[in-house]
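Geometric and topological summary
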Amino acid sequence: MSTHRLVITGANGFVGRYVVAEALRRGHRVGAVLRPTTSEASLGSLAGHPRLDILRGDLRHPKGLDGQLAPDDVVLHLAASKGGDFGTRFAGTVLATEHLLANADAAGVEHLVAVSTFSIYDQSAVKGGSAFDEHVPLISEPNKRDDYAKTKLVQETLYREWGAASVTTGPNDGRKHRMVIVRPGMIWGREELWHALLGSPLGPRFLRIGRKATLPLIYTENVADALVTAAEALLDPARVATADGATVNLVDDDLPSQDDYVAALAAAGYDVPASVTVPWPVWRGAAEIGERLNQTLFDGNMKLPGIVVPEQLDARFKPFRYPNEAAKHVLGWRPRHSFAEAVARATSEADLLAVDTGTTTNA
Amino acid sequence: MTSSNAPLRAAVIGSGAISAQHLGFLRDSPRADLVGVCDLSPITARYAAEFYDAKQTFTDAAEMIAVTRPDIVHVLTPPASHVGLSLSCLDAGAHVLVEKPAAPTLPELHTLLDKAASADRQVIENHNYRFNDGVVALADAVADGSLGIVREVEIRMALDIRSPGGRFADENLPNGIHKMPAGVVHDFITHLTYLLDHFTPEVAWDRIGAGWSNHGGGDLFTVDDLDATLIGQGPDGAVHGKLRFSALTGPEQFQVTVRGSNGFGVTELFQPYVELNIPRAGGGQLSPIANHLANGRIRFGEGFRNVGRKLMQRSPYHGLHQLLDETYAALAAGRPAPVTPAQMIRTASIIDAILDPEVRV
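Residues numbered from 1 in each chain as written. Chains lettered and ligands numbered in written order. Predicted model: local features only at pLDDT ≥ 70, side-chain atom pairs only at ≥ 80, totals over all residues. Heavy atoms only, no water.

Here we look at the overall build of chain A
- The number of helices and strands found in chain A is ten helices and twelve strands.
- Structurally, chain A occupies a C-alpha span of about 60 × 45 × 40 Å along its principal axes.
- Across chain A, the 38 positively charged side chains and the 43 negatively charged ones have centroids separated by 3 Å. (Helix = DSSP H or I, 4+ residues; strand = E, 2+ residues; numbered from the N terminus. Lys, Arg positive; Asp, Glu negative; His and termini not counted. Charge placed at Lys NZ, Arg CZ, Asp CG, Glu CD.)

Structure (structure tokens):
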């Protein structure tokens, strides 16, 4: 009988709630990490589930989860800061991860599902139209990317150092840490249907950049499925050798183009914002000219908005193909919902977090 | 000890938000050799060291000082730790450049400055806005007599510090500044006060009234508003001072107004401009028109220049770089730094005075 609990940071976030729901559905005991002032009601219909423990702590504090983790917990680290200035993001992403891993070390935790992001890849280093997989190089010039990418890049350094180390206390003392790093593409779902890979707000309208690029999407319920599957892979003697130390991208199977995505939302009744569409080559070309002028006239010191910075544009709009074979092989995962099903679910009234409160568990 | 031709060996304690401004100078200035960065968080210290080319990283300040033997240490930690860390640095023979407030109270500042004097070292509190272009321009207008005798100085700061998600409004991880005597305003009161002192250094403030309020309510903020009036005597007669901090008014601004017997000048430090309303050629009746035209031209031009400043990343912290440059030059030459103990004591004295329960309104 397993005694493993899945501890999920960012449990009440956009993705976290779906991960909690999926873990509960599969019979796991779940530790949902909430900040001290966050209401349990933020977990919606999941609140009060008999296999749900609430762990209180702010990971920005060194002792955020001190004393609340157990050696057999599997930590799924989703929490990250997606807003604010660099300091805020650094604290919410990098410091939070440093503290979490230190708290995990103090508890003798062995297993970690480390959530990273596509944002740390250097899309500018890869030829447009090529296959975009785990072999794409990571950012080499962080200053040309946004604060989210910079902080997530540092976070992954912490992940890798932890993954290479061993447990130093408790019943798992001496065992090498077991960790899998997952890099989801753009996560979309009911709460975030319109996203940054389509363009940017431009006054009262929306500036769409490009139409035909394939979107590296993963639907919320699918990413939740993948993360719980990753945790289970680390616990499965038959799969752990493949999963441990692996890094996998997470994207769905049938990825739509920008136009297809917008059309699908519109067909499902989503109120698509009034937009102006600029072809990708035109916008990218203009940004390139701006960058060259910046380099020539201002020695590159002019700080332009991200929407005209070539490297940041490439990270959002450059067209690629997105295989997901590594995730399927390493995790044994298959996207549960097709794009059409995902659109239907995301735009429906169904309770996507519904979980049977029965006490049957796999624990 | 380092000779005046060699860069000063510099170390930094605390790699939080403000450190970027200090570290940027230390990386780029030929006057400084960044020998160490210390932070309780190893990854924060590592990141700072990598980004700003520091030679070593530490998580223990005493160890860093012992290993790197710096000429000067920048103390950039939360205010409650400033005095203790600064004293340790002085003990080790280093000058100290400390973020504001150097000490939470005047007696503690005296302890710090006495220690510095006995160690033949200098403590420099960050008075960065004294060195901003706009403040320098107003000081020049005072010095050349354009404004006449200074009669009133108003320092006004408006900051949206209560918005959810901001570093002061975080209920989950309350900012330590709320425990300072002036609450969150203590993070800014030094700026307001040293700028008042900048234009009124010889004034003895003998009538003071200070309204400290928590207009936004709640338990996290003890204070979010200051409205202080000071009246004093200078060498040329009466002077009025006004210190105003508001969390409820917008847009965010940091405005310095100096009114003299001949005219007045205004500068805004967040969105920089300088206006002078002074006697102009043409005499009394034409001066208002001439001032309108001159200041209109200035405001029009500054609108475009501020776009340029934003794009070129010339921030309101440019005064800090000037302060650091002058400080490093002075220390290397064995001269007094541009922020003096006397200025720091006057600043802390005003803060203590307006915090006195006896003057609260």
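Remarks on helix 4 (residues 82–91) of chain B
All names here are of chain B.
- Along helix 4, the residues classified as buried are His82, Val83, Leu85, Ser86, Cys89 and Leu90. End-on, the buried residues of helix 4 take up no more than an arc of 170°, which puts them together on one face.
- Summarising the contacts, the buried residues of helix 4 are in contact with strand 1 (8–13), helix 3 (61–68), strand 4 (72–75), strand 5 (95–98), helix 5 (106–118) and strand 6 (123–125).
- A positive phi of about 85° marks glycine 93, the residue just after helix 4. (Buried < 20%, exposed > 50% of the residue type's maximum accessible area, 1.4 Å probe, protein only. Arc of directions from axis to C-beta. Contact = heavy atoms within 4.5 Å.)

Notes on the interface of chain A and chain B
- Listed per partner, the contact involves 23 residues of chain A and 14 residues of chain B.
- In total, chain A and chain B occlude about 1,600 Å² of area from one another, counting both sides; carbon and sulfur atoms represent 62% of this.
- In this structure, the salt-bridge partner of B:Arg46 is A:Glu161, at a minimum N-O distance of 2.6 Å.
- In this structure, the connection of chain A to chain B is made through seven residue pairs in polar contact (both at pLDDT 80 or more).
- Breaking the side of chain A that touches chain B down by element, the ones donating at least two residues are helix 2 (86–107) and helix 3 (147–164) of chain A.
- Tallied by class, residues from the side of chain A that touches chain B come to ten nonpolar, six polar and seven charged. (Buried area = accessible area lost by both parts, 1.4 Å probe. Salt bridge = Lys/Arg side-chain N within 4 Å of Asp/Glu carboxyl O. Polar contact = N/O pair within 3.5 Å; in protein donor to acceptor, adjacent residues only side chain to side chain. Nonpolar A, V, L, I, M, F, W, Y, C, P; charged D, E, K, R; others polar.)

Focus on the sheet that holds strand 1 of chain B
Residues and elements named next belong to chain B.
- Pairing within the open sheet is parallel, and its six strands lie in the order 3-2-1-4-5-6. With one partner strand each, in any of the chains shown, strand 3 (57–58) and strand 6 form the two edges of the open sheet.
- Sheet topology places strand 2 (residues 32–38) next to strand 3; two bridges connect them, and they run parallel. Directly across from cysteine 38, in strand 3, lies its bridge partner phenylalanine 58. (Pairing = 2+ DSSP bridges.)

A closer look at the side chain of A:Glu221
All names here are of chain A.
- In this structure, glutamate 221 sits in helix 4 (residues 220–235).
- In terms of polar contacts, glutamate 221 uses its side chain to reach the side chain of arginine 345, at 2.6 Å.
- When near neighbours in sequence (up to four residues on either side) are disregarded, glutamate 221 contacts Tyr18, His337, Arg345 and Leu352.

Some details on the packing of aromatic side chains
- Per the counting criterion, the structure on display carries 25 aromatic pairs over all chains.
- Considering the side-chain rings of A:Phe86 and A:Phe90, the 5.7 Å spacing of their centres and the 40° angle between planes classify their relative orientation as tilted. Linking A:Phe86 with A:Phe90, this pair stays in helix 2, spanning four residues, or about one helical turn.
- The partly exposed category is assigned to A:Phe86, whose relative accessible area is 25%.
- A residue is classified by how much of its surface remains accessible, and A:Phe90, at 7% relative accessible area, is buried.
- Considering the side-chain rings of B:Phe51 and B:Tyr52, the 4.9 Å spacing of their centres and the 70° angle between planes classify their relative orientation as edge-to-face.
- Assessed through its relative accessible area of 27%, B:Phe51 is described here as partly exposed.
- By way of ring pairs, the aromatic residues A:Phe86, A:Phe90, B:Tyr47, B:Phe51 and B:Tyr52 are connected into one cluster. (Phe/Tyr/Trp six-rings, centres within 6.5 Å; stacked < 30°, edge-to-face > 60°.)

Comments concerning the confidence of the model for chain B
- This prediction gives chain B a mean pLDDT of 95; 99% of its residues lie at or above 70.
- On the interface metric, ipTM, the complex scores 0.93, and its pTM is 0.94. (pLDDT = per-residue confidence, 0-100.)

Concerning the state of the cysteines
Residues and elements named next belong to chain B.
- This model, assessed by the stated rule, comprises zero disulfides over all chains.
- Here cysteine 38 stays unpaired: no disulfide links it, and the sulfur of cysteine 89, its closest cysteine neighbor, is 9.7 Å away.
- Since its relative accessible area comes to 4%, cysteine 38 is described here as buried. (Disulfide = S-S within 2.5 Å.)

Some words on the pattern of salt bridges
Residue and element names in this part refer to chain A.
- Summed over the entire model, instances satisfying the criterion amount to 50 salt bridges over all chains.
- As a salt-bridge pair, arginine 183 and glutamate 156 come within 2.3 Å of each other at their nearest N and O atoms. Placement of arginine 183 in strand 6 (residues 178–184) and of glutamate 156 in helix 3 is noted, with a sequence separation of 27 residues between them.
- Note on glutamate 156: relative accessible area 2%, which makes it buried.
- Residue aspartate 259 is joined to lysine 212 by a salt bridge in which the shortest nitrogen-to-oxygen separation is 3.7 Å. With a gap of 47 residues between them, aspartate 259 in helix 6 (residues 258–267) and lysine 212 in the loop between strand 9 (205–209) and strand 10 (217–219) connect regions that are remote in the sequence.
- By sharing partners, the salt bridges in this structure join Glu22, Arg25, Arg26, Asp225, Glu232 and Arg336 into a single network.

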